[in-house]
Amino acid sequence: MSDDAVDPKPALVQLFKGLADPTRLRMIAAMVDRPRCGQDLAAEVGVTPATVSHHLRVLSEAGLLRETRQAPYTFYQLDIEALQGAVKAVSSPKRVRELATASPVDTETRDVLRAFFDGPRLRALPAQRRKKEIVLEEVLRRLPRRREYREPELNRFIEVVHPDFCTIRREWIMGGYMEREAGVYKLAPRGRTVIDGG
């Protein structure tokens, strides 16, 4: 991919996140055939105008809406072409594989992961700080999603990737990826950013 090329994957992920809510799906259904204003949608879906405004913002940022203004109202309609384009992008195994392999991982990260991982297993923890951070973040992404982890449970998850779970746990704490209290581990803000893809 050239420096000028636009990677479609983040936009596609955001679009599907926009769809991943029952209230937003009901709103989309109400906007398929004709434009609707916020008040119409609130009445149709049975939620407050403030809730409608929030969901409209999410759908708009996902590229799923067309807006027209007729003072004092703004009307919204589903951009059916955007939705069809997203469905087409994941319409075959080949396309799904292409999306997965087109992940915008920078060259340094890709090289580090290739050097230190053998399939699902971590060969060793790098000594150099930046490389170590890349590896620690990759192991963190492989954890099952939990609000909190008890230490024995966390050890078992890490051990699947590397036997030295004590060192990895300690590095997560020191690096600000996790917080520990009374033997319970939780993601710190830095860790949540990694998990959420930020």
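Rules used in this analysis
Residues numbered from 1 in each chain as written. Predicted model: local features only at pLDDT ≥ 70, side-chain atom pairs only at ≥ 80, totals over all residues. Heavy atoms only, no water. Axes fitted to C-alpha atoms, helices over the stretch in contact; angles between N-to-C directions. Helix = DSSP H or I, 4+ residues; strand = E, 2+ residues; numbered from the N terminus. Left-handed = near helix turned anticlockwise from the far one by under 90°. Contact = heavy atoms within 4.5 Å. Nonpolar A, V, L, I, M, F, W, Y, C, P; charged D, E, K, R; others polar. Phe/Tyr/Trp six-rings, centres within 6.5 Å; stacked < 30°, edge-to-face > 60°. Buried < 20%, exposed > 50% of the residue type's maximum accessible area, 1.4 Å probe, protein only. Pairing = 2+ DSSP bridges.

Per an unreviewed UniProt entry, the protein chain is named Metalloregulator ArsR/SmtB family transcription factor, and its organism is Nannocystis punicea.

Put simply, helix H2 (residues 22-30) and helix H3 (residues 38-45) touch, their axes get as near as 10 Å, and they point 115° apart. Our pair here, H2 against H3, has a crossing hand that is right-handed. Where H2 approaches H3, its residues Thr23, Arg26, Met27 and Ala30 are matched on the opposing element by Leu41, Glu44 and Val45. Grouping the amino acids of the contact of H2 with H3 by side-chain chemistry returns four nonpolar, one polar and two charged.

Moving on: the packing of aromatic side chains. This model, assessed by the stated rule, comprises two aromatic pairs. Between Tyr73 and Phe75 the ring centres are 6.3 Å apart and the planes differ by 70°, which places this aromatic pair in the edge-to-face class. A ring pair is formed by Tyr149 and Phe157, whose centres lie 6.3 Å apart and whose planes are at 85°; its orientation type is edge-to-face. With a relative accessible area of 21%, Phe157 lands in the partly exposed category.

This next bit is on the sheet that holds strand S1 (residues 36-37). Spatial ordering of the open sheet is given by S1-S3-S2, a layout of three strands whose pairing is antiparallel. Strand pairing shows two members of the sheet lacking a second neighbour, S1 and strand S2 (65-70), which therefore form its edges. Across six bridges, S2 lies against strand S3 (residues 73-78) in antiparallel orientation. Counted as the bridge partner of Thr68 is Phe75 from S3.

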